[in-house]
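Overview (structure and organization)
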Amino acid sequence: MDIADCFPIGGKMGYYLGSQQGGMSETTVVAYSLNDHLIYTQKGLYADAPGGLSIDPESHWLEHEVGEVQQVCLYVPYIAETIPSIAAEPFKSGARLTLASMYTLGCIPQVECVVRDRVEMAEGHYRAQAMAVLEIDAGTFRRLDRRQHARIGTHIPAFVKTAERAVGQEGTLLDFTDLEVKVQLVKGAKPFAPFDQLIVTIDLSETAGKGQPQQFTFMGKVVRRERESLVLELVGQLKQNGFCNIELMDRIDLKASLLQHPATDHPPLPG
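Residues numbered from 1 in each chain as written. Predicted model: local features only at pLDDT ≥ 70, side-chain atom pairs only at ≥ 80, totals over all residues. Heavy atoms only, no water.

A look at the environment of Phe7
- As for its position among the elements, Phe7 is in the loop between helix H1 (2-6) and strand E1 (12-17).
- Here Phe7 falls in the buried class, since its relative accessible area comes to 1%.
- If we ignore the near neighbours within four places in the chain, the residues touching Phe7 are Met13, Val29, Tyr32, Leu74, Leu99, Ala100, Ser101, Pro109, Val111 and Phe141. (Helix = DSSP H or I, 4+ residues; strand = E, 2+ residues; numbered from the N terminus. Buried < 20%, exposed > 50% of the residue type's maximum accessible area, 1.4 Å probe, protein only. Contact = heavy atoms within 4.5 Å.)

Here we look at the nonpolar core
- Counting residues in each nonpolar core, the largest one holds 24 residues, and the members touching the most others are Phe7, Met13, Leu74, Phe91, Leu97, Leu99 and Leu134.
- Within the residue set of this core, elements represented by two or more residues are H1, E1, strand E3 (31-34), strand E8 (72-77), strand E9 (96-101), strand E10 (107-120) and strand E11 (130-145).
- Those residues in contact with Leu134 that lie beyond four places of it in its chain are Met13, Val72, Cys73, Leu74, Val76, Phe91, Leu97, Leu99, Cys113, Val114 and Val115.
- Listed in part, the 23 residues of the second largest apolar core include Leu198, Val200, Phe218 and Leu234. (Core = buried A, V, L, I, M, F, W, Y, C linked by side-chain atoms within 4.5 Å.)

Section: the environment of Phe243
- Here Phe243 shows up in strand E18 (residues 242-244).
- With relative accessibility at 27%, the residue Phe243 sits in the partly exposed group.
- Along the sequence, Phe243 and Met219 sit 24 residues apart, while their C-alpha atoms lie 7.4 Å from each other.
- Not counting residues within four places of it along the chain, the set of residues in contact with Phe243 comprises Glu164, Ile199, Thr217, Phe218, Met219, Gly236, Gln237 and Leu238.

Quick notes on helix H2 (residues 248-259)
- For H2, spanning twelve residues, the distance from its first C-alpha to its last is 17 Å, which sits close to the expected 16 Å at 1.5 Å a residue.
- Tucked into the core, H2 has its buried residues touching strand E12 (152-161), strand E13 (169-176), strand E15 (197-203), strand E16 (215-226) and strand E17 (229-239). (Expected span 1.5 Å × (residues − 1).)

Observations regarding unusual backbone geometry
- Of note in this structure, Asp36 is not a glycine but carries a positive phi near 70°.
- Along the chain, Asp36 falls in the loop between E3 and strand E4 (37-39).
- Owing to a relative accessible area of 53%, Asp36 belongs among the exposed residues under this scheme.
- Positive phi is not limited to glycine here, since Ala128 has a value of about 75°.
- As for its placement among the helices and strands, Ala128 is situated in the loop between E10 and E11.
- Taking the relative accessible area as the measure of exposure, Ala128 reaches 51% and is therefore exposed.

Keep in mind that these numbers describe shape and distance, not what the molecule does.
In structure tokens:
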């Protein structure tokens, strides 16, 4: 279930060959194989008891209980034209790859796998499509903390919109680092897509004192979507002359203001 949570069907993931982390590529998980039972949708896999799994194979719609999980594979598209050269071929049989999740903030789940085979699908949703079958080495699953900046958790009102004159959607700022913010939207809010440019306004009027700003407004790029929340990379801040580059002092001002708010978490300081 950790693999299913971090590498969802229909979601993108990063991968690289051996130790070539600098050359990470992206692909999409299109199916799981659990003990050689193919699953095309996340809804077809669930835990029904501690240590117990069930799958609902779409081909027959018959529930199948899994005892001991002996093998987990991910199916990803094999498109020969996207491979730059034979020397760089990552999906040759027996090759060992590292997979990196693209659906988490801060700690990045990684797991190693072995390319078991390349197959052409004989039936199902991807009939006649070539696939690489990646067998997961579950013992290598780990979470790496790549954060270089401290995270501040909050529950402060925020408003998100697509343009200056657009109507904003209500939300809540959940956390802030020097580079990114995470905003929870209200249930049923209009969805946003990765790479959308959005304007997010953080309302600090409740604690704004003399000389302190009532709100901060940023331009952000959607880098991750997690159900009804968004992770935005901050790329600009609204000032008197419009949106400008975010300076170090701007980030410090926001952090200092957030720390004054009663809805901000205050984790113990190191030392």
